Structures are given as C-alpha cells and as structure tokens.
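Next come the chains, spelled out residue by residue.
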Amino acid sequence: MSLSPRIGHLSPDEIQEFLEGGLSARQEAWVRGHLDVCPRCREEVQEWQGLFADLGGLGELVPREGFSEGVLARLRLNPSSVPRKGWWFLRLGPRRRVDTHLSARAFQEYLEGRLGRRAQERAEAHLAACSPCREEMRRWRRLWADLADLGHLSPSPQFAEGVLLRLRARSAEAPAPAPSPWPSIVRGVGRAQRLLPRSPRGWAVAGGLALAPALVATALAWAVFSHPLVSVETVLTYLLWKTSSALAGALAGAGGGFFENPLVAGLYSLFQGVARAPWLLGVGSFLFSLGCAVSVWLLYRQFTSPRESRRHAHVPS
Amino acid sequence: MELRHLPDHEVASLAARGREPAFRELLRRYQGPVFSLVYRMVRDRATAEDLAQEAFVRAFQAIGTFDPAFKFSSWIFKIAHNHTIDHLRKRKLDTVSLEGSPYSRDDEDEARTRMEVASAGETPEQVLEARELGSRLEEAIGRLRPEYRAVVLLRHVEGYAYDEIARILDLPLGTVKTFLHRARAQLKEMLEGVLES
C-alpha cells in the first residue's frame, strides 16, 4: 500500500492496514502523526477498532453432539470424497458432483445456452429437484425478458440532417492538399510505398522470397569456383569473351540454329562446368527447394492467419 | 439497385466514393441503435444526440479506411462507444438517475430532459406495470458502471455475440464474460422487488 504524506483523511483501506499492523514503521509513524491532529480520522479509527473488537469477540460456536460421527459416517458412505495419496494420474477420474445450489454464473450460462451438454443436464436435473433454484431461475428469466424488451430509442427527426450538415462543414473546413510540382513522381513513390511490406511479417515474407535466389546464386558460385581450373579471373575472361562473341554474332546478324547461337553455347558450357561437380549441384538444388518451401510457408502464414491489425476494423480517434 | 437492399459493406463503399444517398442509408440503418446505446450510456438526450452525431461524422470522414471484411455495425458501435467513454471520463459522469439530465439548470430543463420510456402494454394496468418495470430497469442500468452498461446493452439490446462485444469494446473475451455476469447479477439485485412479482 502506498501511503504518502498528503492533505486529506485516511481511507478505509489505510485504517484497516494500520489496525492490522500491515504498515511499515515509517507509514505507521505518519498515520499516528495524522491521528494526533485529525479528530475525524481519530473517530473513524475508533469505529473501526470497535468493529474489529466485535469481530474478534464472535467466539467459536460448538456443533451439536455427534457432529464428528456424522462426518465420519458420510465419509464411509462416500469413499471417493476422501483425498487419496499417490500419483496424480491415479487420482484422475470422474469428479463427483457437489450437490449445492446453482451459482449466479450457472444460471446465466444456462439461459445463454453456453453450458456444455453434461453441465446442462446436471443443471436441469438440479432444477427439477430444487425448488429455491427453480424460483431463482424464474427471476433470472424475468430479467432476461425485461432486458430483451428494452428496444431502441429514437433520436430527434433532425438527427440525420445534423450529421450531414456537420460532415459538409468539416469537409469545407479541411484544407485542400497543395498540388505537387511533380505529380507523376509522387504517384510513383506512392505506388512503390504500397508495394513495401507494412509489418514485420511482411518483411519476413519478402526476406523469404529473396532468400531462394540468393541461395541458388551462392550454390552456383560455390560450384563454379570450387573447380580446380576455375578462378574469378578465368570466369570473367570467359564471360567477357562469350558476351563479346554473342554481341558480335548478333550484330553480324548471323543466323543458324538455336544451339549454334554463341550465347546459348556459352551458357551450355557454363552448366557443363557446374555439372562436373554433381554433389554441389545437389546441395544447391536442396537449398533452392528449402528456400522455396520457406517462402511458400511464409506466404501461406501471411495470407491465412489473422494479424492483430486485421482482427479489428480501423477506428479513427 | 436500391440502396435499401444492398449489404452494409456495399453501401459503405458507395459512401466512400462520396455518394450522399449512401450516407443517408447508413444513417437510416444505424441512427436508432447507435443513439440508443449512447443515450443509455449518458442519460441525456441532447448530449446523446451530440455524441452520436459526432460518432457518425467521424465514421463518415474515415469511411475510406473502413475494411469491408468487418461488420459496419461493429465499426460504428466501436466509434460511438469510444467517443462516449471519452466523454464520460471527461465529465466523470458514471451514474445518473432517470429524474432528468445532470446538466439541467432548472426544474423546467430537468423535466424536459427526463427519461422517456416507451411501454408495450395493452391495458392501462399493463401499461402502468410495463412503464414502472421499464423505468426501474432503465434506472438500474443507469446505476451500473459504464463498462457494465455497455456490455449489457450490446448483448441484450443489440444481440451481439460475446466475441463481437470483445472486438467492439477492445476487451479480452474473458473480461466481457465477467463484466456481463457481474452486470446482470447487479441488475438482478437492484430489481429484486420487481422480479419477485
């Protein structure tokens, strides 16, 4: 309990904590100081002391003779009610129904049809046998019927017009956005922004989609450069030669079949180099498949599971 | 096709395009329910009209952001409830009676703002009984905490399911259940004499 020096009187909680010795030494000293100067709180504390004394003086009531025997006899009649020792799973089993009146919650759940089948059967059996609960149920039903009769209240006939008038006034008040000097650029940026992910999950999907080609590129680079005759320099030379010959071929308008095209031939020989290390190709394919699977899973999660922001409609403040 | 026969989300999308008949149609559909909720929350007709109108204006201004995947009714109730709760917090107006507006300045004003409760009875005795019961019930609802009032009204007047109420009020489902149980238990206690008869 926070109890700091302030102007005012002691609250009931503070007085009770004080009387029960639940305050710290500093708080208690403060309360005592306050009581010295505040007659109203002194009177209040005296009243609480009286209540505490009355409660303390309630004393113990003695049950009638034979009470203990009665309890033991009931225990013999209902052995399942005796707590058993042993492993917890040995104690699992159908729980015994305690034959007490239905609670307020049970009445409401019953009327709402929210009780399970077995609980409803038990409640109905109890209602059939217990007249106070039947009477209580009648009152609950009456409350239900009264609540259902509440109905709607009508606003004044000018209500709708009032809304539209306000709406028009607000629209007129709102300043029109200043025209941009480069509208096409603004539109393009706006469209690009719409393509960007708007949540961490969206970024995860984008990352997942980017992962697969990156993994494939890495695997291919590894396969190519792990060959003993291949180095960065030779690959660049090779690519330059192939590109220039392809361009020369294209410029010369050389015909020929598809496979005689220098660009296709170059790519073919490149893959031949990769194929010389089949296990690396296998690893690359596996990683590609894995990347694709992760991407598909992320996409699936993105579009099927609800996000917090999607569960509720946007509400203007 | 007539607007009257279109579902809410289609009317809302027409409203998002600035069609005034669509706004009117949404108002026709929801002015009663929204006003009733707000009126029973604040217990003052003029304040309730003002708050409900403001809720509609806010909703219509933001209609472009309305997601048709959700119910329009839940959306408008959510806006109206939030706005009303803000108002109650500012005014610290938690409980009032049916005797008249707490803002009334004189007897005439108080009489003018006194709660009107319609009755559904047939004979004069039944009318009187229904009026009395209605008044007692309305008064009892007015004495509930605003959060309890809202859940009871959304459940029993609007007929929303628990999860929908949880969405409208931004509360966990368990809290909605607890609020409902406590609210009804308090109502029952307050109406003990009436329910006995």
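Refer to the structure above for everything that follows.
Procedures and definitions
- Residues numbered from 1 in each chain as written.
- Chains lettered and ligands numbered in written order.
- Predicted model: local features only at pLDDT ≥ 70, side-chain atom pairs only at ≥ 80, totals over all residues.
- Heavy atoms only, no water.
- Bend = angle between axes of the 7 residues up to and from the residue.
- Helix = DSSP H or I, 4+ residues; strand = E, 2+ residues; numbered from the N terminus.
- Axes fitted to C-alpha atoms, helices over the stretch in contact; angles between N-to-C directions.
- Parallel < 35°, antiparallel > 145°, perpendicular 65-115°, else oblique.
- Left-handed = near helix turned anticlockwise from the far one by under 90°.
- Contact = heavy atoms within 4.5 Å.
- Nonpolar A, V, L, I, M, F, W, Y, C, P; charged D, E, K, R; others polar.
- Phe/Tyr/Trp six-rings, centres within 6.5 Å; stacked < 30°, edge-to-face > 60°.
- Buried < 20%, exposed > 50% of the residue type's maximum accessible area, 1.4 Å probe, protein only.
- Buried area = accessible area lost by both parts, 1.4 Å probe.
- Salt bridge = Lys/Arg side-chain N within 4 Å of Asp/Glu carboxyl O.
- Polar contact = N/O pair within 3.5 Å; in protein donor to acceptor, adjacent residues only side chain to side chain.

So, on to helix α2 (residues 20-42) of chain B. Helix geometry: α2 of chain B is bent most strongly at Tyr30 of chain B, by close to 50°, with proline Pro33 of chain B lying one to four residues after it. Positioned one or two residues after α2 of chain B, Arg43 of chain B has a phi angle of 60°, which is positive.

For the rest of this paragraph, the subject is the packing of helix α4 (residues 72-91) of chain B against helix α8 (residues 162-169) of chain B. All names here are of chain B. Between α4 and α8, the least distance of the axes is 8 Å, while the angle of their chain directions is 50°. Put simply, α4 runs oblique to α8. Judged by the twist between their axes, the crossing of α4 over α8 is right-handed. In this structure, α4 uses Ser74, Phe77, Lys78 and His81 to contact α8, whose residues at the interface are Glu164, Arg167, Ile168 and Leu169. A per-class count over the contact of α4 with α8 returns three nonpolar, two polar and three charged.

All right, on to the packing of aromatic side chains then. Counted according to the given criterion, the structure contains 14 aromatic pairs over all chains. Measuring from centroid to centroid gives 6.4 Å for Phe107 of chain A and Trp140 of chain A, while their planes differ by 20°, and the two rings are stacked. Of this pair, Phe107 of chain A sits in helix α5 (residues 104-112) while Trp140 of chain A sits in helix α7 (residues 131-148), and the two are 33 residues apart along the sequence. You'll find Phe107 of chain A and Trp140 of chain A in the same group, each marked buried. An angle of 90° between the planes, with centres 5.7 Å apart, marks the rings of Phe77 of chain B and Tyr160 of chain B as edge-to-face. Placement of Phe77 of chain B in helix α4 and of Tyr160 of chain B in the loop between α7 (146-157) and α8 is noted, with a sequence separation of 83 residues between them. A relative accessible area of 8% places Tyr160 of chain B in the buried class.

Time to look at the interface of chain A and chain B. Taken together, the contacts link 42 residues of chain A with 57 residues of chain B. Per-residue buried area on chain A facing chain B is highest for Leu153, Phe159 and Arg166 of chain A; these three make up 15% of the total on that side. Scanning the region where chain A abuts chain B turns up nine salt bridges. Taken together, chain A and chain B are joined by 21 residue pairs in polar contact (both at pLDDT 80 or more). Counting residues per element, the ones that place at least two in the side of chain A that touches chain B are α5, α7, α8 (159-173) and α14 (308-311) of chain A. The element best represented in the side of chain A that touches chain B is α7 of chain A, accounting for 11 residues. Along the lines of polarity and charge, the residues of the side of chain A that touches chain B split into 16 nonpolar, 10 polar and 16 charged.

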